[in-house]
Amino acid sequence: MFRKISMALAATLIMAGAAWADPIEGNWKTQAGSTAAIAGGGGAFSITLKSGKFAGKRIGSFKVSGANKYSGTITDPETDKTYSGKASVSGASLKMSGCVLGGLICRSQTWHKL
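I will try to describe carefully the structure that is included in this document. Quick caveat: nothing in here was measured; it's all calculated off a predicted structure.

**Brief notes about unusual backbone geometry**
One non-glycine residue, aspartate 80, lies in the positive phi region at around 65°. Note on placement: aspartate 80 falls in the loop between strand E5 (69-76) and strand E6 (81-90). Owing to a relative accessible area of 48%, aspartate 80 belongs among the partly exposed residues under this scheme. In this structure, leucine 101 is a non-glycine residue whose phi angle is positive, near 55°. You can see leucine 101 is positioned in the loop between strand E7 (93-100) and strand E8 (105-113).

This is how it looks when you write it as structure tokens:
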């Protein structure tokens, strides 16, 4: 009996933790003013530009790396160069960064949820 209650409590806490996490999925306004859609599930997410000069172009792929933290790759749509990337969500803000040379040189942007 105690084991069943413990398992039910653990499942409830896990689900509650997921509900409290800031979701990365949705539409985001990029620093350049375009709209980027982040979609996926099961811990993997893809980023596709929905508006602007490069609409329809897939520019990123991320996996969960921690609470509200993601890692993967991000592509500069202007140059088609791909960089190692990190992202973190805090409320309606998404901080994205792309790095080269093992993280020696990085550029960051903050996107906002639409």
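**Concerning a nonpolar patch on the surface**
The grouping of Leu101, Leu104 and Ile105 at the surface amounts to a nonpolar patch, some 350 Å² of accessible area in total. Judged by relative accessible area, leucine 101 falls into the exposed class, the value being 62%.

Calculation notes
- Residues numbered from 1 in each chain as written.
- Predicted model: local features only at pLDDT ≥ 70, side-chain atom pairs only at ≥ 80, totals over all residues.
- Heavy atoms only, no water.
- Helix = DSSP H or I, 4+ residues; strand = E, 2+ residues; numbered from the N terminus.
- Buried < 20%, exposed > 50% of the residue type's maximum accessible area, 1.4 Å probe, protein only.
- Patch = residues over 30% accessible without salt bridge, like charges linked within 9 Å, V, L, I, M, F, W, Y side chains within 5 Å.
- Areas by Shrake-Rupley, 256 points an atom, 1.4 Å probe, with all protein chains shown as cover.
- Salt bridge = Lys/Arg side-chain N within 4 Å of Asp/Glu carboxyl O.

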